[in-house]
Amino acid sequence: MREFRFVYAFTLVALVAASLGACADSQVDKSATLQAAPTHSSFSGSYLAGRFAQRQQDWDMAQSYMNTVLSYDNANNEMMQRTFLLALGAGNFATAKDLGQKLTGAKKKDGTELALIFLSCDAISHNDFAGALTFLDKLPPEGFGQYTKPMLTAWTLMGQGDKAAALKLLSS
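Presented here is a report on the structure given in the accompanying data block. (Residues numbered from 1 in each chain as written. Predicted model: local features only at pLDDT ≥ 70, side-chain atom pairs only at ≥ 80, totals over all residues. Heavy atoms only, no water.)

### Topic: the packing of aromatic side chains
Between two aromatic rings, the relevant description is the distance of the centres plus the angle of the planes. Enumeration over the complete set of coordinates arrives at three aromatic pairs. Plain terms: the ring middles of Phe43 and Tyr72 are 6.1 Å apart, the flat faces sit at 85 degrees to each other, and that makes the pair edge-to-face. Taken together, the residues Phe43 in helix α2 (residues 43–55) and Tyr72 in helix α3 (residues 59–72) connect sequence positions 29 residues apart. Relative accessible area serves as the criterion here: at 47%, Tyr72 is assigned to the partly exposed category. Relative to Phe118, the ring of Phe84 lies with its centre 5.9 Å away and its plane at 70 degrees, an arrangement referred to as edge-to-face. Here Phe84, found in helix α4 (residues 77–90), pairs with Phe118, found in helix α6 (residues 113–125); they are 34 residues apart in sequence, far enough to count as distant. (Phe/Tyr/Trp six-rings, centres within 6.5 Å; stacked < 30°, edge-to-face > 60°. Helix = DSSP H or I, 4+ residues; strand = E, 2+ residues; numbered from the N terminus. Buried < 20%, exposed > 50% of the residue type's maximum accessible area, 1.4 Å probe, protein only.)

As structure tokens, this is what we get:
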């Protein structure tokens, strides 16, 4: 059973990595995308323009438009999740961090796994191991959490100097 879970996890990670690589390598004609976001736009216009930019794989512009949409409806958890993912895709990690913190602080916890993983990785990268553990404790044991939580927790334990606990966690 343990071998099946490992093969399943490895296959899942390989598929995600391959799909992300395919997205990054695809040649998209971005001449059809909008070049500059207007300074005044409506909720629906920004949403449609953001979706168009996303389909054209113009992550910067899509994230810009979705930020505008979010300014109209900042309590919309689904829109916040979309904008968070677009910020990650655009490489705008400061915005992704802000949105991730809002997502994980929201009452509704659905769809926060990627935000928790991102925030814990960000904390680890800044040697904030206690902060990383706080985010990892919130990560559910199912979904992405079943594969990433043990590995990230082990990294955090290693960062805190507890090599024995990290190895024990990975061997179980």
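Next comes the rest of the account.
### Considerations on the packing of α3 against α4
Close contact between α3 and α4 brings their axes to 8 Å; oriented N to C, the two are set at 150 degrees. Regarding the angle of α3 to α4, the classification is roughly antiparallel. Relative to α4, the crossing made by α3 is left-handed. Taken together, the residues of α4 that come into contact with α3 (itself represented by Trp59, Asp60, Ala62, Gln63, Met66, Asn67, Val69 and Leu70) are Met79, Met80, Arg82, Thr83, Leu86, Ala87, Gly89 and Ala90. Taken together, the residues of the contact of α3 with α4 sort by class into ten nonpolar, four polar and two charged. (Axes fitted to C-alpha atoms, helices over the stretch in contact; angles between N-to-C directions. Parallel < 35°, antiparallel > 145°, perpendicular 65-115°, else oblique. Left-handed = near helix turned anticlockwise from the far one by under 90°. Contact = heavy atoms within 4.5 Å. Nonpolar A, V, L, I, M, F, W, Y, C, P; charged D, E, K, R; others polar.)

### Observations regarding helix α8 (residues 145–159)
Helix length check: α8, at 15 residues, gives a terminal C-alpha distance of 20 Å against a target of 21 Å (1.5 Å per residue), a fit within 8%. Buried within α8 are the following residues: Gly145, Tyr147, Thr148, Leu152, Thr153, Ala154, Thr156 and Leu157. Phi for Gly161, located one or two positions after α8, is positive at around 90 degrees. (Expected span 1.5 Å × (residues − 1).)

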